[in-house]
Amino acid sequence: MKRSNVQEKFAILIPARDESKVIEKLLESIEQQTRKIEMSDVYVVIETKEDPTYKIAKKHGATVFIRRHLELQRKGYALDEIVKEILKQGKHYDAYFIFDADNVIDSHFLEEMTKSYHEGYDIVIGYRNCKNGSDNIISAASCLSFSFLNLLGNKRRIKEGKSVLISGTGFFIRGDVLESWKGFPFHSLTEDYELSIYLCLHQLSSFYNEKAIFYDEHPTNYHTTVLQRTRWIRGFFDSRKEYLPKIKAIPKEKRTKSQKAACVGIIPYVILLSLAGILLLLSISFFLYHVIQESSVLSDLALAATVLLFVYLTLQILTSILLIVDKKLKLSWRMKMKCFFFNPIFLLSYLFCLLRAFTLKEITWQKIDHSQNEMNR
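Going along each chain's sequence as written, the residues are numbered from 1 onward. It should be noted that, the model being predicted, local features are given only for residues of pLDDT at least 70 and side-chain atom pairs only at 80 or more, the latter also being counted only at that level, while totals for whole chains, interfaces and linings use all residues. Hydrogens are left out, water is left out, and the side-chain values use all remaining heavy atoms of the structure.

Caption draft 1: A look at a nonpolar patch on the surface. On the surface, Leu152, Ile317, Ile321, Ile324 and Val325 cluster together to form a nonpolar patch covering roughly 440 Å² of accessible area. Of the residues forming the nonpolar patch, the biggest block, four residues, is contributed by helix α11 (residues 298-325). For the purposes of this entry, the term helix denotes a DSSP run of H or I that reaches at least four residues, the term strand denotes a run of E that reaches at least two, and both are numbered from the N terminus. Within the element layout of this structure, isoleucine 324 appears in helix α11. Think of it in three bands: with a 1.4 Å probe and only protein chains considered, a residue is buried below 20% of the maximum accessible area for its type, exposed above 50%, and partly exposed in between. Overall, the relative accessible area of 59% leaves isoleucine 324 in the exposed class. What goes into a patch is any residue over 30% in relative accessible area without a salt bridge, connected to like charges within 9 Å or, for nonpolar side chains (Val, Leu, Ile, Met, Phe, Trp, Tyr), within 5 Å. With residues, only the protein chains shown are counted as cover, and all accessible areas are computed by Shrake-Rupley using a 1.4 Å probe. For this analysis, a salt bridge means a side-chain nitrogen from Lys or Arg found within 4 Å of a carboxyl oxygen belonging to Asp or Glu.

Caption draft 2: Quick peek at the sheet that holds strand β6 (residues 123-130). A pair of strands is treated as paired once DSSP finds two or more bridges between them. In space, the eight strands of this open sheet follow the order β3-β2-β1-β4-β7-β6-β8-β5, with mixed pairing throughout. Only two strands of the sheet have a single partner each, and these edge strands are β3 (63-66) and β5 (104-105). Here strand β1 (residues 10-15) runs beside strand β4 (residues 95-98); their pairing, made up of four bridges, is parallel. Its bridge partner being in β4, leucine 13 is matched across the sheet by isoleucine 98. Any two residues having at least one pair of non-hydrogen atoms within 4.5 Å are treated as being in contact. Only the stretch in contact is used when fitting a helix axis, every axis being a line fitted to C-alpha atoms; angles between N-to-C directions are given from 0 to 180 degrees. On the sheet, helix α3 (residues 75-88) packs against β1, β2 (42-46), β3 and β4 and is oriented at approximately 145° with respect to β1. In this fold helix α4 (residues 109-118) packs onto β1, β4, β5, β6, β7 (171-174) and β8 (206-216), with an angle of close to 170° to the strand it touches most, β8.

Caption draft 3: Summary view of the environment of asparagine 129. For asparagine 129, the location among the structural elements is in strand β6. Here asparagine 129 falls in the buried class, since its relative accessible area comes to 2%. Along the backbone, asparagine 129 and phenylalanine 146 are 17 residues apart, and their C-alpha atoms lie at a distance of 7.9 Å. Discounting residues that sit within four places of it in the chain, asparagine 129 has contacts with Ile213, Phe214, Tyr215, Asp216, His218, Lys328, Leu329 and Lys330.

Caption draft 4: Layout of helix α8 (residues 222-248). The span expected for a helix works out to 1.5 Å for each residue beyond the first. For α8, spanning 27 residues, the distance from its first C-alpha to its last is 37 Å, which sits close to the expected 39 Å at 1.5 Å a residue. We define the bend at any residue as the angle between the axes fitted to the seven residues before and including it, ending there, and the seven starting there. Within α8, the axis deviates most sharply at glutamate 242, by approximately 35°, and proline proline 245 lies no more than four positions further along.

Caption draft 5: Spotlight on the pairing of β2. Burial runs high along β2: five of the five residues are buried. Of the two faces of β2, the one lined by Val42, Val44 and Ile46 and the one lined by Tyr43 and Val45 are each fully buried. Note that β1 and β2 share four bridges and pair parallel. Paired with leucine 13 across the bridge in β2 is tyrosine 43. Crossover β1 to β2 through helix α1 (residues 23-31) is right-handed. Pairing analysis gives four bridges linking β2 to β3, with the strands arranged parallel. Bridge pairing links valine 44 to valine 64 in β3. For a crossover, the right-handed case is the one in which the path from the first strand over the helix to the second runs clockwise, viewed with the strands pointing away from the viewer. The β-α-β motif built from β2, the intervening helix α2 (residues 53-59) and the parallel element β3 has right-handed crossover chirality.

Caption draft 6: Quick peek at α4. Within α4, eight of the ten residues are buried, which leaves it mostly tucked inside the rest of the structure. Where α4 is buried, its residues touch β1, β4, β5, β6, β7 and β8.

Caption draft 7: Here's a closer look at the nonpolar core. Among buried residues, the Ala, Val, Leu, Ile, Met, Phe, Trp, Tyr and Cys ones that are joined through side-chain atoms within 4.5 Å form a nonpolar core. Residues Leu13, Ile173 and Trp181 are the most contacted members of the largest nonpolar core, which totals 52 residues. In terms of residue count, the dominant contributor to this core is helix α7 (residues 191-201) (seven residues). Aside from chain neighbours lying at most four places away, what touches leucine 13 is Tyr43, Leu79, Ile82, Val83, Ile86, Tyr96, Phe97, Ile98 and Phe99. Listed in part, the 32 residues of the second largest apolar core include Ile12, Ala16, Leu27 and Phe97.

Rendered as structure tokens:
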């Protein structure tokens, strides 16, 4: 149901502990929006007044909220505190936007999202582009993972009438929906995926607005990407463990397209990636066996090399599709060429992250330091 074209009131929520290196660029991008918003409606959430982020946010006129429950160290808890504080003050907003402190938003972002708001959607996510994709091959490959979610994920899902998958930030939640929750009740390792499967369960309407562009900083070292992706994978399965039984309790004939898709999830992708990993390991085993045995049977080694090449070329094809189709992707041509060769290896490393997610006893939320104050040009 479309809403009437009246002046709406928006809030922006920014969890920003120790983010003084990057927060100013986000605040400046909010000030430069074609669809203006009062800076007092921008809420920056920090943990202590001694954090330099405090003075920067105050300088730009943002409302700074200092957390009280510091023992709860996840983004979802920070969002829960600020929403409860806003409701406690009796304030009402038509929509709440959520960003990370390292984000920068395109000058037309709020203008484009306002159009989606008036279409009546409960939750709308924008197009996530890379802020520092050309820094090195790690940040570029990480960026491509979200290109996959943009094009082969959400763009396809809305065409098929399915709910979107929320990844990170850059989205809004309709005010009356968030206020009905009396807070932000998603506190898992991956609060974004938990929200995604919740909206699927409760049939909240959602949309992917690819014209609403925001930029995100990506890790520039492999170790950080492993920590990040391990947390994502564990959070993904933890959320499914909680919500999937509720979806499966719905009779099959009454399930929506989104609910049917949720029952499958990313299992096909995991199977394909696992097969690629198995073929890769078999190929390496073939090679090592012949080295140890000092065998000269070249045909078997040729077979192993062929399997390796097949896996690599298959993932190269996927990479090529992303690089060609996603014309908004903020990567230099030189970096795109590097991705063509390296991204298949990065994709296969998800198998290592998957193994860590299932074998580590405890995976905690760990802060990732951001330092990219300027975007790649």
